[in-house]
Amino acid sequence: NNPISIDGKIEDWKEKSFSNLGDHKFSTTYTEDSIYFLFDIIDDTPMQNSKERGDLWEGDAIEIAFSTNPEADPKRQFLWLSDQHIGINCGPQPYIWNWKTDTKIEVINYKINIKEDGYLVEMAIPLNAFFEVSPQTGVELDIEFAIDLGTNKGRQQQLHWNSGVADGFHKSPSKWGGLILK
């Protein structure tokens, strides 16, 4: 019930729980209108990504793959129409990309701020942009996060939240974890 202010600051998230992904942290919450994400990225070379369009994974970026269908088989080996894969270019000219439609997404509110040891990414995805039904308490959605760390020369490392080092999370929801709405 407490909407998050999309300002690239962590203060609104102090009472939320965080998950770790290596040295990095992330958290998510939701309201009846939006799903919110915060990524706290540790990076010696922050916000380096000179890529355009769908190759944004070749520099500093965040990828989120998720299902909008809580009834989808979590063991499926291929994407359903209800599955999404979006990414945010975390470079000096940030943008959000939808690999499913091969287009930039303008409806997602986001903010990226450099901090002493890296950067913070905060975003709000409006539910009506992807979901046909509103998520409710107790619903589990298939989801996977990836943190792409790189420089303007390309990606140096990719960390996956659920699938570890397994390649292909962007094509196989069986590698995703579960996001339980509480």
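Shown above is the structure to which this text applies.
Residues numbered from 1 in each chain as written. Predicted model: local features only at pLDDT ≥ 70, side-chain atom pairs only at ≥ 80, totals over all residues. Heavy atoms only, no water.

Participant: Sorry, what's going on with the nonpolar core here?
Facilitator: Generally speaking, soluble globular proteins have nonpolar side chains that are buried together. Ranked by size, the top nonpolar core spans 34 residues in total, and within it Phe37, Phe39, Ile62 and Ile64 carry the most contacts. Elements supplying a minimum of two residues to this core: strand E2 (24-30), strand E3 (34-42), strand E4 (61-67), strand E5 (83-89), strand E9 (118-126) and strand E10 (140-151). Not counting chain neighbours up to four residues away, the residues in contact with Phe37 comprise Trp13, Ser27, Thr28, Ile64, Val121, Glu122, Met123, Ile125, Ile143 and Phe145. Within the second largest apolar cluster, eight residues are counted, among which are Ile10, Tyr36, Leu38 and Ala124. (Core = buried A, V, L, I, M, F, W, Y, C linked by side-chain atoms within 4.5 Å. Buried < 20%, exposed > 50% of the residue type's maximum accessible area, 1.4 Å probe, protein only. Helix = DSSP H or I, 4+ residues; strand = E, 2+ residues; numbered from the N terminus. Contact = heavy atoms within 4.5 Å.)

Participant: What exactly am I supposed to notice about the sheet that holds strand E8 (residues 109-115) here?
Facilitator: Backbone hydrogen bonds hold the strands of a sheet together, and the pairing may be parallel or antiparallel. Pairing is antiparallel in the open sheet, where five strands are placed in the order E1-E2-E3-E9-E8. For this open sheet the edge positions go to strand E1 (19-21) and E8, each flanked by a neighbour on one side alone. Taken pair by pair, the neighbouring strands of this sheet meet at an average axis angle of 15°, ignoring direction. Here three bridges tie E1 to E2, and the two strands are oriented antiparallel to one another. For Ser19, the partnering residue across the bridge sits in E2 and is Phe26. (Pairing = 2+ DSSP bridges. Axes fitted to C-alpha atoms, helices over the stretch in contact; angles between N-to-C directions.)

Participant: I tried to follow the pairing of E10 on my own but got confused; where do I start?
Facilitator: Each regular strand shows side chains that alternate between the opposite faces of the sheet. When you tally the buried positions in E10, you get eleven out of twelve residues, the bulk of the element. By the bridge criterion, six bridges tie E4 to E10 in an arrangement that is antiparallel. Looking at the pairing, Ala65 lines up with Glu144 of E10. In this structure, E10 lies alongside strand E12 (residues 177-180), joined through four bridges in antiparallel fashion. Note that in E12 the partner of Leu141 across the bridge is Leu179. In this structure, E10 lies alongside strand E11 (residues 154-160), joined through six bridges in antiparallel fashion. Bridged to Thr151 within E11 is Gly154.

Participant: How should I be thinking about unusual backbone geometry in this particular structure?
Facilitator: Only a minority of non-glycine residues have a phi that is not negative, and only a minority of peptide bonds are not trans. In this model, Met47 sits at a positive phi of 55°, which is unusual for a non-glycine residue. With respect to the helices and strands, the residue Met47 is situated in the loop between E3 and E4. With relative accessibility at 16%, the residue Met47 sits in the buried group.

What is shown is where atoms sit, not what they do.
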